[in-house]
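Single-letter residue listing:
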Amino acid sequence: LRTLLDELDRAQVVAAQIVSTQLESGDLLQAIITAFGIPSNGSTKATLISTLEAFLMTLATQGRRALLVIDEAQNLEIRAIEELRMLS
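Small disclaimer: the values here were computed from a predicted structure and weren't measured. (Residues numbered from 1 in each chain as written. Predicted model: local features only at pLDDT ≥ 70, side-chain atom pairs only at ≥ 80, totals over all residues. Heavy atoms only, no water.)

(A) Expanded view of the layout of surface pockets. Each pocket or cavity is described by its volume, and for the largest pocket that value is around 250 Å³. Lining the largest pocket we find I32, F36, I49, L52, E53, L56, A66, L67, L68, L84, L87 and S88. Mapped by element, the contributors of at least two residues to the lining of the largest pocket are α3 (45-61), β2 (65-70) and α4 (78-87). Residue contributions to the lining of the largest pocket peak at four residues, all from α3. Residues belonging to the lining of the largest pocket are distributed by class as follows: 10 nonpolar, one polar and one charged. (1 Å grid on protein atoms, 1.4 Å probe; cavity = no way out; pocket = protein on both sides within 12 Å on 5 of 7 lines; lining within 4 Å. Points joined across faces, edges and corners; volume = space filled by probe spheres on them. Helix = DSSP H or I, 4+ residues; strand = E, 2+ residues; numbered from the N terminus. Nonpolar A, V, L, I, M, F, W, Y, C, P; charged D, E, K, R; others polar.)

What follows is the structure, given as structure tokens:
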């Protein structure tokens with residue numbers, strides 16, 4: 001996986017990886033933001049979603065894509081999986 005991520009064209013794709021799945025849904029949002037290297041200005045769920053949404057919109061306007069890899073995603077709590085589904 002690390003080799004694949006290293007070989008991505010960074011001009012086209014911004015990749016992030018999460019390796020810990022022992023996270024609740026709110027913590028997962030913070031972990032995603034941290035993994036992408038996005039500065040976070042708050043800790044409420046609404047702020048985290050807004051921050052991530054702004055980051056993704058910026059990428060879209062640049063013609064770039066975001067790739068999030070969650071190692072062992074099958075171990076996420078149902079609420080965290082639902083959070084990911086809503087983000088997609």
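That shown, we press on.
(B) Focus on unusual backbone geometry. Positive phi is not limited to glycine here, since E72 has a value of about 65°. One can find E72 in the loop between β2 and α4.

All quantities given are derived from atomic positions and should not be read as evidence of function.
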